[in-house]
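Descriptive structure summary
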Amino acid sequence: MTAEAPVAAVRPARATWRDYLALTKPKVISLLLWTTVAAMFMAARGWPGLGLLVVVTLAGYASAGSAGVFNMIIDRDIDLKMKRTANRPTSSGLISTRDAGLFGAALQVLSFLALWVWASPLAAWMSLAGFVTYVVVYTMWLKRNTWHNIVLGGAAGCFPPLVGWAAVTGDLNLFAWYLFAIIFFWTPVHFWALALMIKDEYREVGIPMLPVVHGDRLTVAQIGLYAIYTVVLSVMPVFFGEVGLLYFVSAVALGAWLLVLSWRLYRHVMGGQAVERRVAVPLYLYSMLYLALLFVAGAVDRGLLS
């Protein structure tokens, strides 16, 4: 009888640059950078300069990417339990916590220094504030403890326009804070439309998102309320003389469709029907287009027509 050959140990695959890129959540960052760059054009009332544009874009990506890295490190336990996140580099073990942490820290340090030296110190501090809000306030504190997580923690996504504005002007005026406020009230509309579709995943891992804690009816009511807040806030800068007719018409048109889609979702759920992708997905997808086009309208209005 011959002895069996020893079984070779299965070695984990080596992480590639694509895996490290995935840690930064590039799909999420794209809209953040869009609002950053648009705010730069609004602040400059035109072309902000190629050098500054490149620096802020790269540094902004690095800072937001660093936040994504630490989010994946902190949430690796729940990511592993959810189908859509189980294969993330940290939850799957492809990239160790140590290596991911070093990568994320390096990104944040480089981002802060680049903004401080080549943009403005205020831009660097605003970027760091966004990072801290996302990692500490949202991921470490609010996300697992309260359904208000996305309302308060969503403020992290409001800092990019402040970074872009401060990079150009070195300060922050009332209009810059209005851009912050628009995104703040827009975030629940966008995120809760998604949360409605994946609430079962959140329930399984114990994350108290609004649809899990209070159900679909209250969620769609809150979505409608925040949609109204968003649209009202979006047109208010017109009355302060910060933007003109092009922005106003765009804000009204874009906002009207946001309200229509929110109403459709509200009526569907309040009518006693379960949430369906055909009514939730259009709002989720359009909300991203809404924000992108609204900021483009502001950049064009102030840059070309002012």
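The structure under discussion appears in the preceding block.
Read on for a plain summary of the structure. All figures in this text were calculated on a predicted structure; none of them were measured in a lab. Numbering of residues starts from 1 in each chain and follows the order in which that chain's sequence is written. Where local features are concerned, this predicted model is filtered to residues with pLDDT of at least 70; where side-chain atom pairs are given and counted, the filter is 80 or more; whole-chain, interface and lining totals use all residues. Note: side-chain values were computed over all heavy atoms of the structure, leaving out hydrogens and water.

**With respect to the overall build of the chain**
Each helix corresponds to a stretch of at least 4 residues labelled H or I by DSSP, and each strand to a stretch of at least 2 residues labelled E; elements are numbered beginning at the N terminus. Counting its secondary structure elements, the chain contains 13 helices and zero strands. Overall, the chain shows an N-to-C arrangement of helices and strands of α-α-α-α-α-α-α-α-α-α-α-α-α. Relative to a compact globule of 306 residues, whose C-alpha radius of gyration would be 19 Å, the chain shows 21 Å and is just as compact. In terms of overall dimensions, the chain has a C-alpha envelope of 90 × 55 × 30 Å along the principal axes. When the 306 residues of the chain are sorted by exposure, 51% land in the buried category. Whether two residues are in contact is decided by their heavy atoms: any pair within 4.5 Å suffices. Pairs at least 24 apart in sequence give 74% of the contacts found in the chain among residues at least 6 apart. Here the positive residues are Lys and Arg and the negative ones are Asp and Glu; neither His nor the chain ends is included. Just so you know, the charge point we use is NZ for Lys, CZ for Arg, CG for Asp and CD for Glu. Charge separation in the chain, taken as the distance between the mean sites of 22 positive and 14 negative side-chain charges, equals 3 Å. Computation of the radius of gyration draws on C-alpha atoms alone. For the globule rule, the value is 2.2 Å times the number of residues to the power 0.38. Only protein chains enter the accessibility calculation, which uses a 1.4 Å probe. A residue is then buried if its area is under 20% of the maximum for its type, exposed if over 50%, and partly exposed in between.

**A closer look at the packing of aromatic side chains**
Aromatic rings from Phe, Tyr and Trp, taking only the six-membered ring of Trp, are treated as a pair when their centres fall within 6.5 Å; an angle between ring planes under 30 degrees marks them as stacked, one over 60 as edge-to-face, and anything in between as tilted. One pass over the structure, following the stated rule, counts 19 aromatic pairs. When the ring of tyrosine 20 is compared with that of phenylalanine 103, the centres are 5.1 Å apart and the planes differ by 75°; the resulting orientation is edge-to-face. Of this pair, tyrosine 20 sits in helix α1 (residues 17-23) while phenylalanine 103 is found in helix α5 (residues 97-118), placing the two residues 83 residues apart along the sequence. Overall, the relative accessible area of 24% leaves phenylalanine 103 in the partly exposed class. Where phenylalanine 112 meets tryptophan 125, the ring centres are 5.1 Å apart and the plane angle is 75°; that geometry is what we call edge-to-face. You can see phenylalanine 112 sitting in helix α5 and its partner tryptophan 125 sitting in helix α6 (residues 121-142), a full 13 residues away along the chain. Among the residues examined, phenylalanine 112 registers a relative accessible area of 18% and is labelled buried. A relative accessible area of 45% places tryptophan 125 in the partly exposed class.

**What about the packing of helix α9 (residues 174-197) against helix α11 (residues 210-235)?**
Angles shown run from 0 to 180 degrees and are taken between the N-to-C directions of axes, each axis being a line fitted to C-alpha atoms and, for helices, limited to the stretch in contact. Between α9 and α11, whose axes approach to 8 Å, the crossing angle comes to 150°. By the angle between their axes, α9 is roughly antiparallel relative to α11. When you trace α9 past α11, the crossing you get is left-handed. Basically, the charged four are Asp, Glu, Lys and Arg, the nonpolar ten are Ala, Val, Leu, Ile, Met, Phe, Trp, Tyr, Cys and Pro, and anything else, Gly included, counts as polar. Split by residue class, the contact of α9 with α11 holds 19 nonpolar, four polar and one charged. Here roughly perpendicular refers to angles of 65 to 115 degrees, roughly parallel to angles under 35, roughly antiparallel to angles over 145, and oblique to all remaining angles. With the far helix as reference, a near helix turned anticlockwise by less than a right angle produces a left-handed crossing, and one turned clockwise produces a right-handed crossing.

**Focus on the pattern of salt bridges**
Just to be clear on terms, a salt bridge is a Lys or Arg side-chain nitrogen sitting within 4 Å of an Asp or Glu carboxyl oxygen. Under the definition given, this model contains ten salt bridges. The partner of aspartate 79 in a salt bridge is arginine 88, and the shortest N-O contact between them spans 3.1 Å. We classify aspartate 79 as buried; its relative accessible area is 2%. Between glutamate 201 and arginine 84 there is a salt bridge, with the nearest N and O atoms lying 3.6 Å from each other. Of this pair, glutamate 201 sits in helix α10 (residues 199-205) while arginine 84 sits in the loop between α4 (76-79) and α5; the two residues are 117 residues apart in sequence, bridging distant segments of the chain.

**Focus on the packing of α5 against α6**
Helix-helix packing is characterised by the crossing angle of the two axes and by the distance between the axes. Contact pair α5 / α6: the axes reach a minimum separation of 7 Å and the direction vectors enclose 155°. The orientation of α5 relative to α6 falls into the category roughly antiparallel. Across the interface between the two elements, Gln108, Ser111, Phe112, Leu115 and Trp116 from α5 touch Pro121, Ala123, Ala124, Trp125, Ser127, Leu128 and Phe131 from α6. The residue inventory of the contact of α5 with α6, partitioned by class, reads nine nonpolar, three polar and no charged.

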